[in-house]
Amino acid sequence: AQSVAQPEDQVNVAEGNPLTVKCTYSVSGNPYLFWYVQYPNRGLQFLLKYITGDNLVKGSYGFEAEFNKSQTSFHLKKPSALVSDSALYFCAVSPPTGNQFYFGTGTSLTVIP
Amino acid sequence: DAGVIQSPRHEVTEMGQEVTLRCKPISGHNSLFWYRQTMMRGLELLIYFNNNVPIDDSGMPEDRFSAKMPNASFSTLKIQPSEPRDSAVYFCASSPPSNHGYTFGSGTRLTVV
């Protein structure tokens, strides 16, 4: 069965500190992996994706994520958090065949000034 | 590109009334998805279409919910009769044939009183 786990409902980090939002997955074959961000009262916005190639992918707003096949993880990172990064973050996985995404339950990130 | 367009942005209706939510996907995208988001259940896939054909409607909660996609540029999600527990934000998303990412609409916030 395909699934995505975001083990932390809430992450708090001080402004200027590095942040990590965790994601692990279970999918058959080589997955496509995605991160989306949702600001209050808005739809989900695409941040970055891993399809193939370099395990470290860079996305919007200075975010990056590392695909780790052995640990089946795709953690989202940023070297220096901003207060404006406070939002809800969703990890998603899609099997290479078919076009249905499986979303995690979301992690609420709060960056403290 | 105007992105995925949903209407209305907000809908308040009385219990028992029919509600119709509308979505216009991005031109050239061949898959369309309807999601529901609540605090309790998070992001739930209701139904998705591929080339205007419903592929998986297992997420549709009850027979009160129905979705159509009469052509490649329009889809509706109908609730009849509506109930207070249907109150949620409903998102539409579309994706291209490459399956390299969804684009979400801004959502419709439905309140059933």
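These notes cover the structure that comes with them.

1. Side note on the interface of chain A and chain B
- Facing the 19 residues of chain A at the interface are 20 residues of chain B.
- Here chain A packs against chain B, burying approximately 1500 Å² in sum over the two surfaces, 49% of which is carbon and sulfur.
- Inspection of the region where chain A meets chain B yields zero salt bridges.
- Seen at the junction of chain A and chain B, the total is four residue pairs in polar contact (both at pLDDT 80 or more).
- When contributions to the side of chain A that touches chain B are tallied by element, the ones reaching two or more residues are β5 (32–38), β6 (44–50) and β10 (87–94) of chain A.
- For the side of chain A that touches chain B, the element with the highest residue contribution is β5(A), accounting for four residues.
- Tallied by class, residues from the side of chain A that touches chain B come to ten nonpolar, seven polar and two charged.

2. A word on the sheet that holds strand β3 (residues 19–24) of chain B
Residue and element names in this part refer to chain B.
- The antiparallel open sheet is built from four strands, whose spatial order is β1-β3-β8-β7. A single partner strand is all that each edge strand has here, and the edge strands are β1 (5–7) and β7 (65–71). Mean inter-strand twist for the sheet, computed between neighbouring axes without regard to direction, equals 15°.
- As defined by bridge partners, β1 adjoins β3 across three bridges and the pair is classed as antiparallel. Across the sheet, the residue bridging to Ser7 is Arg22, located in β3.

Each value, and the rule that gives it
- Residues numbered from 1 in each chain as written.
- Chains lettered and ligands numbered in written order.
- Predicted model: local features only at pLDDT ≥ 70, side-chain atom pairs only at ≥ 80, totals over all residues.
- Heavy atoms only, no water.
- Contact = heavy atoms within 4.5 Å.
- Buried area = accessible area lost by both parts, 1.4 Å probe.
- Salt bridge = Lys/Arg side-chain N within 4 Å of Asp/Glu carboxyl O.
- Polar contact = N/O pair within 3.5 Å; in protein donor to acceptor, adjacent residues only side chain to side chain.
- Helix = DSSP H or I, 4+ residues; strand = E, 2+ residues; numbered from the N terminus.
- Nonpolar A, V, L, I, M, F, W, Y, C, P; charged D, E, K, R; others polar.
- Pairing = 2+ DSSP bridges.
- Axes fitted to C-alpha atoms, helices over the stretch in contact; angles between N-to-C directions.

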